[in-house]
Amino acid sequence: MKAVIPAAGLGTRLLPMTKIQPKEMMPILNKPAIQYVVEEASFSGFDQILIITNRNKKVMEDHFDRNIELELALRRKGAYKALKELERIEGLANLFYLRQKEQKGLGDAVLCAENYVSHEPFAVLLGDDIIISDVPAIKQLWDAYERVKAPVIGLEIVPKDHVERYGIVEPGEEVEPGLFELKSVIEKPDPKRAPSNMAIIGRYILDPEIFSWLKGSKSGVGGELQLTDSISRYIPEKGLYGMLITGHRVDIGSTSDWLKANLEVALLDPELRPKVSQYFDELRALGKI
Ligand code: G1P
């Protein structure tokens, strides 16, 4: 099964950190963000993963490759646990990389995957949305795709005043708990025009018709080729479904999001949770918060 991870964005909202370092390499605790996403795809059975990258993101490729010097050093020190972890990361999937020449939007990044995907349904996982869940989010969508035999996108309820940050859906019939037939999708609507507060989070199972629609599509919001605009074409053609994902999503779009992501993932970790809580109790006792 094939997955595509668009990870070519410039990360301008995280500057200066992202001047040289790709935002997808920002750490969430001790792992770069992109590793969470690759693991999610891999644990869901997607063993062929194309990462859409750009000319400044080579370090992302290196992270999933072997580092022979480091391996030798770890072996010499007898650090076998660390060595095993490195081997696990290198073996996560068959990774392919393709550079988007110019950052012309998410739709354009997905279009780069056309030849790789060929005729099969495929998964798209956005490199800056991280979802912590028992059943990986993209597996939840894939299982739904197999039941409804039509494209399925991941959803989350967001506060009403945040709708302009997301693609927003107009849900129709709820065919199973949390799984909706969709009537329309709109990218970053004005809150007054938003059909709901159900937002598209960065997980999609799509059929390959999307590529011809993307090619025929004009730029949308922000002057970029928007994936959401072409996804709406499934609705009259074969139907489109949206599923509320069970799990906890964090994103790394801005500095405050990234900071929150680290704290939230730490709070989900049974070992770190008491330490983080204790730290906040101490800050409160000192009147610092
Ligand atoms: C993209 C999609 C949007 C989606 C969001 C989720 O927007 O275009 O539909 O809701 O990801 O993170 P971006 O965050 O790249 O502006």
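Structure's up top.
Just so we're clear, the structure is a prediction, and the values are computed from it rather than from any experiment.

Rules of the game
Residues numbered from 1 in each chain as written. Predicted model: local features only at pLDDT ≥ 70, side-chain atom pairs only at ≥ 80, totals over all residues. Heavy atoms only, no water. Helix = DSSP H or I, 4+ residues; strand = E, 2+ residues; numbered from the N terminus. Rg over C-alpha atoms; globule rule 2.2 N^0.38 Å. Contact = heavy atoms within 4.5 Å. Areas by Shrake-Rupley, 256 points an atom, 1.4 Å probe, with all protein chains shown as cover. Lys, Arg positive; Asp, Glu negative; His and termini not counted. Charge placed at Lys NZ, Arg CZ, Asp CG, Glu CD. Core = buried A, V, L, I, M, F, W, Y, C linked by side-chain atoms within 4.5 Å. Buried < 20%, exposed > 50% of the residue type's maximum accessible area, 1.4 Å probe, protein only. Near = heavy atom within 4 Å. Polar contact = N/O pair within 3.5 Å; in protein donor to acceptor, adjacent residues only side chain to side chain. Axes fitted to C-alpha atoms, helices over the stretch in contact; angles between N-to-C directions. Parallel < 35°, antiparallel > 145°, perpendicular 65-115°, else oblique. Left-handed = near helix turned anticlockwise from the far one by under 90°. Nonpolar A, V, L, I, M, F, W, Y, C, P; charged D, E, K, R; others polar.

A. Structural detail: the overall build of the chain. The helix and strand inventory of the chain stands at twelve helices and 13 strands. What you see for the chain is a C-alpha radius of gyration of 20 Å, in line with the 19 Å of a compact globule of 289 residues. Considered along the principal axes of its C-alpha atoms, the chain spans approximately 60 × 50 × 35 Å. Taking as baseline every contact in the chain between residues at least 6 positions apart, the subset at least 24 positions apart corresponds to 75%. With an accessible surface of roughly 14,900 Å², the chain has 53% of that area assigned to carbon and sulfur atoms. Averaging the coordinates of the 38 positive side-chain charges in the chain and doing the same for the 43 negative ones gives two points 4 Å apart.

B. Just the nonpolar core, in detail. With 42 residues, the main nonpolar core has Ile34 and Val152 as its most contacted residues. When near neighbours in sequence (up to four residues on either side) are disregarded, Ile34 contacts Ile5, Ala7, Glu24, Met25, Ile51, Met60 and Phe64.

C. View of the environment of Gln103. As for its placement among the helices and strands, Gln103 is situated in the loop between β5 (94-99) and α5 (106-111). Spatially, the C-alpha atoms of Gln103 and Gly127 are 15 Å apart, while their sequence positions differ by 24 residues. Not counting chain neighbours up to four residues away, the residues in contact with Gln103 comprise Ala8, Leu10 and Asn54.

D. Expanded view of the environment of Ser42. Locating Ser42 in the fold gives a position in helix α1 (residues 33-43). Overall, Ser42 belongs to the buried group, its relative accessible area being 18%. Spatially, the C-alpha atom of Ser42 lies 27 Å from that of Met198, the residues being 156 residues apart in sequence. With sequence-adjacent residues up to four places away left out, Ser42 is seen in contact with Ile49 and Leu92.

E. The arrangement of the environment of Ile153 in detail. Along the chain, the position of Ile153 falls in strand β8 (residues 152-157). Sequence separation between Ile153 and Ala123 is 30 residues; the distance between their C-alpha atoms is 9.7 Å. The contacts of Ile153, once residues within four sequence positions are left out, are Leu141, Val169, Leu182, Val185, Ile200, Arg203, Tyr204, Ile231, Leu240, Tyr241, Gly242 and Met243.

F. Broad picture of the site of the ligand. Close to the ligand lie Leu106, Leu126, Asp129, Tyr166, Gly167, Glu187, Lys188, Ile200, Tyr204, Gln226 and Thr228. Taking Asp129, its side chain carries an N or O atom lying 2.8 Å from an oxygen atom of the ligand. Contact between the ligand and Gly167: an oxygen atom at 2.9 Å from a main-chain N or O atom of the residue. Protein contacts shield 78% of the accessible area of the ligand, which totals 380 Å² for the unbound molecule.

G. Examining the packing of helix α3 (residues 68-77) against helix α4 (residues 80-90) more closely. Where α3 meets α4, the axes come as close as 8 Å, and the angle between the chain directions of the two elements is 150°. Viewed along their axes, α3 and α4 adopt a mutual orientation that is roughly antiparallel. Judged by the sense of rotation from one axis to the other, the crossing of α3 with α4 is left-handed. Residues Leu70, Glu71, Leu74 and Arg75 of α3 form the contact with α4, whose own contacting residues are Tyr80, Ala82, Leu83, Leu86, Glu87 and Glu90. Residue composition of the contact of α3 with α4, grouped by class: six nonpolar, no polar and four charged.

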